[in-house]
Every structure is written in C-alpha cells, then in structure tokens.
Amino acid sequence: MRGEGCYLWDEHGHRYLDGCGGAFVANIGHGVREIATAMAEQASRIAYVNGTAFTNEPVEALASELAALVPGDLDYIYFLSSGSEAVEAALKLARQFWVESGRPEKQEIITLAPGYHGNTLLALSASARPHYATYFREWIVDVHRVPAPVAYRCACRGVDASCAVCSGTALETKILEIGADRVAAFIAEPVGGSSTGASVPRADYWRTIRTICDRHDVLFIADEVACGAGRTGTWSALEPYGVTPDIMTLGKGIAGGYVPLSAVAAPRRIVDVLARGSGSLMHAQTFSHHPVLCAAGLATVRYLREHALVARAAEMGRIFHERLRALLELPHVGDVRGRGMLAGIELVLDRDTRAPFPRSAKIAERLTEAAQRAGLVVWPNTGHVNGVDGDIILLAPPFVIEPAQIDELVTLFRVAYDDSVAGALATT
Ligand SMILES: Cc1ncc(COP(=O)(O)O)c(C=O)c1O
C-alpha cells in the first residue's frame, strides 16, 4: 500500500481517491516527506522519555503552537495517542476539577444524541451508539442525553429560533431536570462527525450552550477530535461561533495520520485547581507526551501553516459543497451537509417523508463497497435516525484536493450510487 496526496495505491496497483482521509485523519495528504523526516530526526535524537521525569522540545513547541490555535485561554495541553484517550482524560479532568473545588456532588455527564466520543468505556458511555455497547452494557456509565441539532431530522428544519433542539435550550431543561449542582460536564462535537453526518448547528447554537453552561456551572467540553485541526475550514470548528469551551479534545488530523496523536486543552483556571490540590491530573499513561508523536504533530501543524492549508480547506470546501449539492438530483439523496472539507450525504428511501431505508437494505455499506470497487474510499455511518435505520456517507478528503479531483470524487460517487442504491432497491 502507498499513498501520495489524495490518492492511495493497493498492493495490486489499484488506485483509490481517498475521499474520507481514512477516518477524517489524512488532512495534509499522504506521503509528505517533511513529516517522515521530522519523525526520523526526533527518533534519532531521543525517541522516548517519560513525561513524569522530563519534558521534551517537541512537546513544548507543539503545546505552544496549539495553544495559539485553539480558542481563548486553553493554554495547557496534555498529549495522548487516541481520541478515546483524550475524551477519557477530558472527562476525568472535569470530574477531578469539581471534586478538588469542593463540589464532589457534580458527577453527571450530558451529551448529544446522536454523537460519538470514542470506544474506551467512559468515552463509549458518552457516545450515543447503542450498538457499539451491545456486549458491554454492564460496564457502561449512565449519562444523560439531549437531541443533537440535526436540521434535516428536526421538524423545524433548523430554522425556528425557538426550537429547543436547534437553539440549544434543550440542554438547560436537561440540567434543571438532573439538578445543576449534580452536573459536571456537557460534552459535544461542535460540528458533527459521522454520527450526525456532519451536521452544522445554527449560528447561535454554541453561544446559547455557553451561556447555559455558565449559568449552571457546567463545564463545556468541545470534542474536536473529528471536526478540529482545520477540517471545517477554520482551525477549530467552534471558531466561527466565537465561543471558548472549558476543555477541548483534539485528535485524528492533528498529526495528519502520520502517528496516532491526540490532545486535551484546558485553561489555567482549571489546571490550577488541581495543581493547588492533589498536584496533577490523576491520569498517567506510559506514552503520553511522546517526543516522536509530538514531533510529527509539530511538523504537521507547521506544514498546515506554511502551505495555508486551513484557508485552502475553506476555499476548496466551498467548491466541494457546491459540487456535492448537485447530487441532490439523485432520487435517494435526501441531504448534503457539512462545512469545509467535511460533508455528510444522507440517503433516504423517500425524500418527501425523509423515511430511511430499512436497515436490512444495508445501503450505506453497499454504497461504500461499490465506491471502493470504483476507486473511491468513503466512510459509512448507519443508525442515526432511530438507533437502527439511517444511512449516511461521510466525505473528508485531504485539504490538498484540487477542483478536478473533487469532480472525480463526485463522478465516482455517482458510479457507486448507481451500482449500489439502484441494485439494493431491486432486492428490497
Ligand atoms: C468526535 C470524536 N471523538 C472521539 C473519537 C475517538 O477517537 P479514536 O478513534 O482515535 O479513539 C472519535 C473517533 O471517530 C470522534 O469522531
């Protein structure tokens, strides 16, 4: 297998357009030598030191770069490897903060549904993906959920400022129902990932959430593992909303897929409570703050800046969405949504009623397989409508994609659609 830019070649020499960056990861494209060189140089200088004994140059440099890129005062960065680990650490940070602030009764977590935050047990608990938890229910922590703002799936279609779901006020109702003195944190994806098919909340949504969280002393954790690092055309997906969360998680694209790297960003006012109390976050991991991983992250962040790739994600994103919207002429494409280099295409049985296909038709899976046969890699998601039905295809190509390659992507999508959706209908 090898990759270059937006393309992948398998061991048989078949070429694929990487339409989803693997899993929203390959932001800068495949085969960038600068990143490989930075990793090799760091590995030969010092590959590993434990974070409890020493800090190291790439950790410090990457933390400074990221602190300048994330919103507001999130100046303290803790590096891990996967998004799930970052979510676990962020939730534990929120909990430890409240205990050390003398408010141990604040222990409840609220999340959005649909939503996804990872697969380790606390992150899985926060994720509204019941089928992922099938065999592990006894070990899952109870969390509270409010409906995610998915305009296409809401009766108001996202246009009613008084709609509790689309405006965000549903969160306040939930907090009051639980009792604000018991709620530790609200965790959510600022722009939806695969669970909602890249749904973009209304312009006032996150300000309302911020106000509600402030009013009730609830920590707002923005999970930008999927939508951050420039994916939506701004460095953080929250940026256009002008809102600073209390904690932010990052992952996937921050090292472009060259290494597994994730991060938790928090402000001094939270970190200091722990520093004055027990001393530190109770969350040591052998491979946190890894020099080689952070060297890859640093090289990726610098590459993004030097090639103005976030601005490019915004600019190409406009072309990308304009061309994708043409797919709405296909009879079973119900909605095309997203921002920047992140798009969700929702497939429905009936466009007038928005009725999903029956799960047995396996539309998203069939389309994904047909796309791969045609030479396009896409990311499927199912079950967002009612926990069972619902078919979404996610697209998240590298930011270096060219307009001609966007056209190629759309053409290959049509081939896959004809090859799968039409065939599936004949057998349903
Ligand atoms: C929003 C979000 N949070 C957390 C995760 C978990 O990340 P990982 O798979 O790296 O553990 C994901 C993964 O898809 C995600 O999309």
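Because the structure is predicted, anything quoted here is derived from the model rather than measured.

A. Structural context of the overall build of the protein chain. Helix and strand counts for the protein chain stand at 13 helices and 15 strands. Overall, the protein chain is about 65 × 55 × 40 Å in size when its C-alpha atoms are taken along their principal axes. Relative to its full complement of 428 residues, the protein chain shows a buried share of 58%. Partitioning the contacts of the protein chain with sequence separation of at least 6, the portion at a separation of at least 24 is 73%. Of the roughly 17,100 Å² that the protein chain leaves accessible, carbon and sulfur atoms contribute 55%. Charged side chains of the protein chain number 39 positive and 48 negative; the gap between the two group centres comes to 2 Å.

B. Representation of the site of the ligand. Around the ligand, the neighbouring residues are Ser 82, Gly 83, Ser 84, Tyr 116, His 117, Gly 118, Glu 189, Asp 223, Val 225, Ala 226 and Lys 252. The contact in question runs from an oxygen atom of the ligand to an N or O atom on the backbone of Gly 83, over 2.9 Å. In the model, a nitrogen atom of the ligand is placed 2.7 Å from a nitrogen or oxygen of the Asp 223 side chain. Coverage of the ligand by the protein chains reaches 81% of its 390 Å² of free accessible surface. Considering only residue class, the shell around the ligand consists of 3 nonpolar, 5 polar and 3 charged.

C. Region of interest: the sheet that holds strand 3 (residues 15-18). A sheet is described by the order of its strands in space; here 4 strands give the open sequence 1-2-3-13, paired in mixed fashion. The two strands at the open ends of the sheet, each matched to only one other strand, are strand 1 (2-4) and strand 13 (376-377).

D. Structural detail: the environment of Arg 153. Among the secondary structure elements, Arg 153 is positioned in the loop between strand 6 (144-147) and helix 6 (164-167). Judged by relative accessible area, which is 27%, Arg 153 ranks as partly exposed. For the pair Arg 153 and His 384, spaced 231 residues apart in the sequence, the C-alpha separation amounts to 9.6 Å. Residues contacting Arg 153, with those up to four places away along its chain left out, are Glu 346, Val 348, Arg 354, His 384 and Val 385. Within the structure, the side chain of Arg 153 is placed 2.9 Å from the backbone oxygen of Arg 354, a separation counted as a polar contact.

E. Local environment of the sheet that holds strand 12 (residues 342-347). Spatially, the 4 strands line up as an open sheet ordered 11-12-15-14, and their pairing is antiparallel. Each of the sheet's edge strands pairs with one partner strand only, and the pair in question is strand 11 (333-339) and strand 14 (379-382). Across the sheet, the mean angle separating the axes of adjacent strands is 20° when strand polarity is ignored. In this structure, strand 14 lies alongside strand 15 (residues 391-395), joined through 4 bridges in antiparallel fashion. Residue Thr 382 lies in a different strand from strand 15, and its bridge partner there is Asp 391. Contacts from helix 11 (residues 309-325) reach strand 11, strand 12 and strand 15 within the one sheet, and its direction differs from that of strand 12 by about 10°.

F. Seen up close, the pattern of salt bridges. Considering all chains together, one arrives at 24 salt bridges under this definition. In this structure, Glu 172 engages Arg 215 in a salt bridge whose closest nitrogen and oxygen atoms are separated by 2.9 Å. Placement of the pair is Glu 172 in helix 7 (residues 170-178) and Arg 215 in helix 8 (residues 205-215), with a sequence separation of 43 residues. The class of Glu 172 is buried, set by a relative accessible area of 17%. Linking Lys 174 and Glu 177 is a salt bridge whose minimum nitrogen-to-oxygen distance equals 3.3 Å. Pair noted here: Lys 174 and Glu 177 are both in helix 7, with a separation of 3 residues, about one helical turn. Classification of Lys 174 by relative accessible area gives buried; the value is 16%. Note on Glu 177: relative accessible area 57%, which makes it exposed.

G. Examining the state of the cysteines more closely. With the rule as written, the count across this model stands at 0 disulfides. The thiol of Cys 166 is not disulfide-bonded; the next cysteine sulfur, from Cys 156, is found 3.7 Å away.

H. Quick look at the pairing of strand 8 (residues 219-224). Within strand 8, 6 of the 6 residues are buried, leaving the element largely enclosed by the surrounding structure. Side chains of strand 8 alternate between two faces, with Leu 219, Ile 221 and Asp 223 and Phe 220, Ala 222 and Glu 224 buried alike. Bridge count for strand 7 (residues 183-188) against strand 8 is 4 bridges, and the pairing is parallel. The residue bridging Ala 188 from the neighbouring strand is Ala 222, located in strand 8. Considered for its hand, the β-α-β crossover made up of strand 7, helix 8 and strand 8 is right-handed.

I. Summary view of the packing of helix 7 against helix 8. Close contact between helix 7 and helix 8 brings their axes to 9 Å; oriented N to C, the two are set at 20°. Judged on the interaxial angle alone, helix 8 and helix 7 are roughly parallel. As helix 7 packs across helix 8, the resulting crossing turns out to be right-handed. In this structure, helix 7 uses Leu 171, Glu 172 and Ile 175 to contact helix 8, whose residues at the interface are Ile 209, Ile 212, Cys 213 and Arg 215.

J. Inspection of the side chain of Thr 368 at higher detail. Looking at the secondary structure, you find Thr 368 in helix 12 (residues 363-374). There is a polar contact of 2.7 Å between the side chain of Thr 368 and the backbone oxygen of Ala 364. The residues touching Thr 368, leaving out its near neighbours within four places in the chain, are Val 378, Pro 380 and Ile 393.

Cut-off values and rules
Residues numbered from 1 in each chain as written. Predicted model: local features only at pLDDT ≥ 70, side-chain atom pairs only at ≥ 80, totals over all residues. Heavy atoms only, no water. Helix = DSSP H or I, 4+ residues; strand = E, 2+ residues; numbered from the N terminus. Buried < 20%, exposed > 50% of the residue type's maximum accessible area, 1.4 Å probe, protein only. Contact = heavy atoms within 4.5 Å. Areas by Shrake-Rupley, 256 points an atom, 1.4 Å probe, with all protein chains shown as cover. Lys, Arg positive; Asp, Glu negative; His and termini not counted. Charge placed at Lys NZ, Arg CZ, Asp CG, Glu CD. Near = heavy atom within 4 Å. Polar contact = N/O pair within 3.5 Å; in protein donor to acceptor, adjacent residues only side chain to side chain. Nonpolar A, V, L, I, M, F, W, Y, C, P; charged D, E, K, R; others polar. Pairing = 2+ DSSP bridges. Axes fitted to C-alpha atoms, helices over the stretch in contact; angles between N-to-C directions. Salt bridge = Lys/Arg side-chain N within 4 Å of Asp/Glu carboxyl O. Disulfide = S-S within 2.5 Å. Right-handed = clockwise from strand over helix to strand, strands pointing away. Parallel < 35°, antiparallel > 145°, perpendicular 65-115°, else oblique. Left-handed = near helix turned anticlockwise from the far one by under 90°.

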